[in-house]
Amino acid sequence: MIITDDLVYIHPPKTGGTFVTHVLERLYLGSPERPGLGGTFLNTHKHGTCEDIPEAHLGKPLLTTVRNPYDRYVSQYYFGWWKRHPDAYCGADAMKALHPHYPELSFDEFVRMANTLFLNCHQGRETGFRNTLLADPFRPGWHTEQFIRFYCHEPRAVFASLDEEALESRHYRQSLFPLHFLRAERLNHQLHDFLLGLGMSRDRIAFILDEPKVFPEGGSRDEASHWQDHYTPELKRFVRSRERLLFEMFPEYDV
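Owing to the predicted nature of the structure, the values given are computational and were not obtained by experimental measurement. (Residues numbered from 1 in each chain as written. Predicted model: local features only at pLDDT ≥ 70, side-chain atom pairs only at ≥ 80, totals over all residues. Heavy atoms only, no water.)

Peer 1: Can you lay out the overall build of the protein for me, pointing to particular residues and giving the numbers?
Peer 2: Within the protein one finds 12 helices and five strands. Taking 255 residues into account, the globule formula puts the C-alpha radius of gyration at 18 Å, and the protein, at 19 Å, falls close to it. Taking the principal axes of its C-alpha atoms as reference, the protein extends roughly 55 × 40 × 35 Å. Out of the 255 residues belonging to the protein, those deemed buried represent 49%. Considering only intrachain contacts with a sequence separation of at least 6, the fraction spanning at least 24 residues in the protein is 72%. About 12600 Å² of surface is accessible on the protein, with carbon and sulfur atoms providing 51% of the total. Positive and negative charge centroids in the protein, built from 29 and 35 side chains respectively, lie 1 Å apart. (Helix = DSSP H or I, 4+ residues; strand = E, 2+ residues; numbered from the N terminus. Rg over C-alpha atoms; globule rule 2.2 N^0.38 Å. Buried < 20%, exposed > 50% of the residue type's maximum accessible area, 1.4 Å probe, protein only. Contact = heavy atoms within 4.5 Å. Areas by Shrake-Rupley, 256 points an atom, 1.4 Å probe, with all protein chains shown as cover. Lys, Arg positive; Asp, Glu negative; His and termini not counted. Charge placed at Lys NZ, Arg CZ, Asp CG, Glu CD.)

The following block contains the structure:
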């Protein structure tokens, strides 16, 4: 989470947040060649949620980033945090019990494992995100759980209340904080336009339009690789079913 005098940025993992963080640091903190805007700049609770925002800053515009769920699963697979830091999830023993050949998992195995072992679990402990109203294969997925956790008031209650009626009526939207969503695929232009809408001068933010991608330290996939190359029709149906809420929130990804 980044807090400035102008905005609060919420940073979900693997959604382009490293790029946004880099741009905001350059804009507010500056460099020897270009002074920054100055004022408040707090980079704390890297993956803090909306409920973690200090009360004094809740009135500021809230900015976040979203990514095509299909593509995000591929990014998470190659980034490999689940391999390098298994205790941040359910632990290596649980993954090996499901797949004795862990950590050498196929992409298909990773996606299904994430939607089995990573749900309602952090650092080997239950997180309280349970849903008993929807049965497989329609139970909310790993990304949907993260979406609710990051962006909703009383997220556990919202997650538990998801049923067919809630999904059809999109009643859960009433629990969302007032967020502006940037699409990871169009970050340069959308971040530029958002800041322009806050009243920042074109000259000061023009650099954003040409800023190259910024990658977090760790694994990454070949840039020439497309997410479509990793999905069978059956696996794509699985993700579409599990992340139904996200595809209805962001229909441009439902392809």
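Peer 1: Tell me about the packing of helix α1 (residues 17–29) against helix α9 (residues 187–197), and please be specific about residues and values.
Peer 2: Relative placement of two packed helices is described by the angle separating their axes and the distance separating the axes. Relative orientation of the contacting elements α1 and α9 amounts to 40 degrees, with a least axis distance of 11 Å. It follows that α1 is oblique to α9 by the angle criterion. Where α1 crosses over α9, the two elements pack in a sense that is right-handed. Here Phe19, Val20, Val23 and Leu27 of α1 come into contact with α9, specifically with Leu187, Asn188, Leu191 and Leu195. Among the residues forming the contact of α1 with α9, the class breakdown is seven nonpolar, one polar and no charged. (Axes fitted to C-alpha atoms, helices over the stretch in contact; angles between N-to-C directions. Parallel < 35°, antiparallel > 145°, perpendicular 65-115°, else oblique. Left-handed = near helix turned anticlockwise from the far one by under 90°. Nonpolar A, V, L, I, M, F, W, Y, C, P; charged D, E, K, R; others polar.)

Peer 1: Provide a residue-level description of the pattern of salt bridges, including the pertinent values.
Peer 2: Per the counting criterion, the structure on display carries 12 salt bridges. With its nearest N and O atoms 3.1 Å apart, the salt bridge here joins Arg67 to Asp71. One salt bridge connects Asp136 with Arg242, and the closest N-O pair in it is separated by 2.9 Å. With Asp136 in the loop between α5 (107–114) and α6 (142–151) and Arg242 in helix α11 (residues 233–242), the pair connects residues that are 106 residues apart, well separated along the chain. When its relative accessible area of 8% is taken as the criterion, Arg242 is described as buried. Because the salt bridges share partners, they merge into one network encompassing Glu164, Glu168, Arg244 and Glu248. (Salt bridge = Lys/Arg side-chain N within 4 Å of Asp/Glu carboxyl O.)

Peer 1: Describe α6, with residues and values.
Peer 2: The element α6 is largely enclosed, with a buried count of nine among its 10 residues. Every buried residue belonging to α6 is among Trp142, His143, Thr144, Glu145, Gln146, Phe147, Ile148, Phe150 and Tyr151, and all of these are buried.

Peer 1: Talk me through the pairing of strand β4 (residues 62–66); I want residue IDs and the actual numbers.
Peer 2: β4 sits mainly inside the fold: five of its five residues count as buried. Where burial is concerned, the two faces of β4 agree: the one with Leu62, Thr64 and Val66 and the one with Leu63 and Thr65 are both buried. Sheet topology note: the strand β2 (residues 8–10)/β4 ladder contains three bridges and is parallel. For Ile10, the partnering residue across the bridge sits in β4 and is Thr64. Direction of pairing for β4 relative to strand β5 (residues 179–183): parallel, over a ladder of five bridges. Within β5, the position partnered with Leu63 by the bridge is His180. (Pairing = 2+ DSSP bridges.)

Peer 1: Explain the packing of helix α2 (residues 69–79) against α5 to me, using residue names and the numbers behind them.
Peer 2: One way to put it is that α2 packs onto α5 with a least axis distance of 10 Å and a crossing angle of 105 degrees. One way to sum up the angle between α2 and α5 is to call them roughly perpendicular. Facing Tyr73, Val74, Gln76 and Tyr77 of α2, the residues of α5 in contact are Phe107, Phe110, Val111 and Ala114. Taken together, the residues of the contact of α2 with α5 sort by class into seven nonpolar, one polar and no charged.

Peer 1: Tell me about the sheet that holds β5, and name the residues and values.
Peer 2: Paired through backbone hydrogen bonds, the strands of a sheet run either parallel or antiparallel to each other. Ordered in space as β3-β1-β2-β4-β5, the five strands form an open sheet in which the pairing is mixed. The sheet is open, and its two borders are formed by β3 (41–43) and β5, each paired with just one other strand. Averaged over all pairs of adjacent strands, the angle between strand axes in this sheet comes to 20 degrees, irrespective of strand direction. Pairing of strand β1 (residues 2–4) with β2 involves two bridges; the strand directions are antiparallel. Its bridge partner lying in β2, Ile3 is registered against Val8. On the sheet, α6 packs against β2, β4 and β5 and is oriented at approximately 140 degrees with respect to β5.

Peer 1: Help me get a handle on the packing of aromatic side chains, residues and values and all.
Peer 2: Considering all chains together, one arrives at 27 aromatic pairs under this definition. Relative to Phe107, the ring of Tyr77 lies with its centre 5.5 Å away and its plane at 75 degrees, an arrangement referred to as edge-to-face. A residue pair is termed long-range when its members are at least 10 positions apart, and Tyr77 in helix α2 and Phe107 in helix α5 qualify at 30 residues. For the pair Tyr77 and Phe107, a shared accessibility class is recorded, and that class is buried. The ring of Phe238 carries Arg112 above its face, with NZ or CZ at 4.7 Å from the centroid. One residue, Lys236, lies across the ring of Tyr70, its end atom 5.4 Å from the ring centre. (Phe/Tyr/Trp six-rings, centres within 6.5 Å; stacked < 30°, edge-to-face > 60°. Lys NZ or Arg CZ within 6 Å of the ring centre and 35° of its normal.)

Take it as geometry only, folks, not as evidence of what the structure does.
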